[in-house]
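Listed below are the residues making up each chain.
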Amino acid sequence: MAVEKAAIERRPMNVGSKKGKRQISICGLSSPLIPSMQRAMALLCAGLALAVGSLAQQENMFSFSIPAEGVSPVWDLPLDTVLMDVHNTDNYDLNGTLADAQWAALMPPNRGIVELGPHREKFMLSMAHQLQCLDVIRQDYVAGWEGRRTTPNGEVSARAHHCLNYIRQMVLCRGDRRLEQVVDPFGAHAVQVRGTQTCKDWTQVLDSMAEVQRVSA
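Calculation rules
Residues numbered from 1 in each chain as written. Predicted model: local features only at pLDDT ≥ 70, side-chain atom pairs only at ≥ 80, totals over all residues. Heavy atoms only, no water. pLDDT = per-residue confidence, 0-100. Helix = DSSP H or I, 4+ residues; strand = E, 2+ residues; numbered from the N terminus. Contact = heavy atoms within 4.5 Å. Salt bridge = Lys/Arg side-chain N within 4 Å of Asp/Glu carboxyl O. Axes fitted to C-alpha atoms, helices over the stretch in contact; angles between N-to-C directions. Parallel < 35°, antiparallel > 145°, perpendicular 65-115°, else oblique. Left-handed = near helix turned anticlockwise from the far one by under 90°. Nonpolar A, V, L, I, M, F, W, Y, C, P; charged D, E, K, R; others polar. Buried < 20%, exposed > 50% of the residue type's maximum accessible area, 1.4 Å probe, protein only. Pairing = 2+ DSSP bridges. Disulfide = S-S within 2.5 Å.

**Q** How should I be thinking about the confidence of the model for the protein chain in this particular structure?
**A** Reading fine detail from the predicted coordinates is not recommended where pLDDT is low. The predicted model of the protein chain has a mean per-residue pLDDT of 79, with 72% of residues at 70 or higher. Per-element confidence in the protein chain ranges from a low mean pLDDT of 35 for helix H1 (residues 2–9) to a high of 96 for helix H5 (residues 158–174). Here residues 1–21 is a poorly scored stretch, pLDDT under 50, and it has 27 contacts once near neighbours within four places are set aside; other chains count. Overall, residues 51–56 carries pLDDT values under 50, and its contacts beyond four positions in sequence, including any with other chains, amount to 2 contacts.

**Q** What should I look at first to understand the pattern of salt bridges in this one?
**A** Proximity of charged atoms lets side chains of opposite charge pair with each other. Going through the model one piece at a time under the given rule, you end up with 8 salt bridges. One salt-bridge network, in which partners are shared between bridges, spans Asp100, Asp135 and Arg138.

**Q** Would you mind going over the packing of helix H4 (residues 126–145) against H5 with me for this structure?
**A** Helix-helix packing: each pair is described by the crossing angle between the helix axes and the interaxial distance. The contact between H4 and H5 brings their axes to 9 Å, and the two run at 135 degrees. By the angle class used here, H4 and H5 are oblique. Here H4 and H5 pass one another in a crossing that is left-handed. Across the interface between the two elements, Ser126, His129, Gln130, Gln132, Cys133, Leu134, Val136, Ile137 and Asp140 of H4 pack against Arg159, Ala160, His162, Cys163, Leu164, Tyr166, Ile167, Met170 and Arg174 of H5. In the contact of H4 with H5, the residues fall into 10 nonpolar, 5 polar and 3 charged.

**Q** What exactly am I supposed to notice about the pairing of strand E9 (residues 195–200) here?
**A** It is a general feature of regular strands that their side chains alternate between the two faces of the sheet. The alternating pattern of E9 places Gly195, Gln197 and Cys199 on a buried face and Thr196, Thr198 and Lys200 on a face that is not buried. Pairing between strand E6 (residues 81–86) and E9: 6 bridges, direction antiparallel. Bridge pairing links aspartate 85 to threonine 196 in E9.

**Q** Please clarify how unusual backbone geometry should be interpreted in this entry.
**A** Glycine aside, residues mostly have negative phi, and peptide bonds are mostly found in the trans state. In this structure, asparagine 110 is a non-glycine residue whose phi angle is positive, near 60 degrees. Within the element layout of this structure, asparagine 110 appears in the loop between helix H3 (97–106) and strand E7 (113–116). With phi around 65 degrees, asparagine 153 is a residue other than glycine that occupies positive phi space. Structurally, asparagine 153 can be placed in the loop between H4 and H5.

**Q** Would you mind showing me how to read the state of the cysteines here?
**A** A covalent bond bridging the sulfur atoms of two cysteines is what the word disulfide describes. If you walk through the whole model with that rule in mind, you get 1 disulfide. Covalent S-S linkage joins cysteine 133 and cysteine 163, the inter-sulfur distance amounting to 2.3 Å. For the disulfide bridge between cysteine 133 and cysteine 163, the dihedral angle about the S-S bond is near -70 degrees, and by the sign convention the bridge is left-handed. Placement of the pair is cysteine 133 in helix H4 and cysteine 163 in helix H5, with a sequence separation of 30 residues. Residue cysteine 163 is classed as buried on the basis of its relative accessible area of 3%.

Shown next as structure tokens:
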């Protein structure tokens, strides 16, 4: 364990003396100052650091934390920060074969359900739930527009109502502080739509979900 800890901390190389011989200390281990040995030990330390880092990442991929009693658990998955170009698009339309396919492709495999923790508890990731709810609202809107709703009097379905409320709560919960430039206070588009925003890397979430599901299968 001492070697692993030293590998994580990447201690600087120290040269000292022991029994009259010059010594080199790498990863907490000492050996005579021979160039070939120095290179070999440096490679060993690098390998140990990579192995320990990989094990830690693997452990985080399958673990979750509970921030406080009664609070929803959070996946212990470290995420990088990426940039998103926020803009209008012709993709992800309301209806049509292409729109159906594009919205369906956003949904992770197994509806975003993963097994985490030592007892492999089943969870649905909130990001997947939100994407699913957006599609539920879209489909219900189109069904009402086309007169295909099967609910009494054609009202919004209970599932769509749940999703609308869930998305509302998720937006409020995250309290996005990004500022958008006002261009026309009274126009249809009051703010400048296009802009760049810093985000958590959602591709890491999707890739990790796929890996967890693969291992759990």
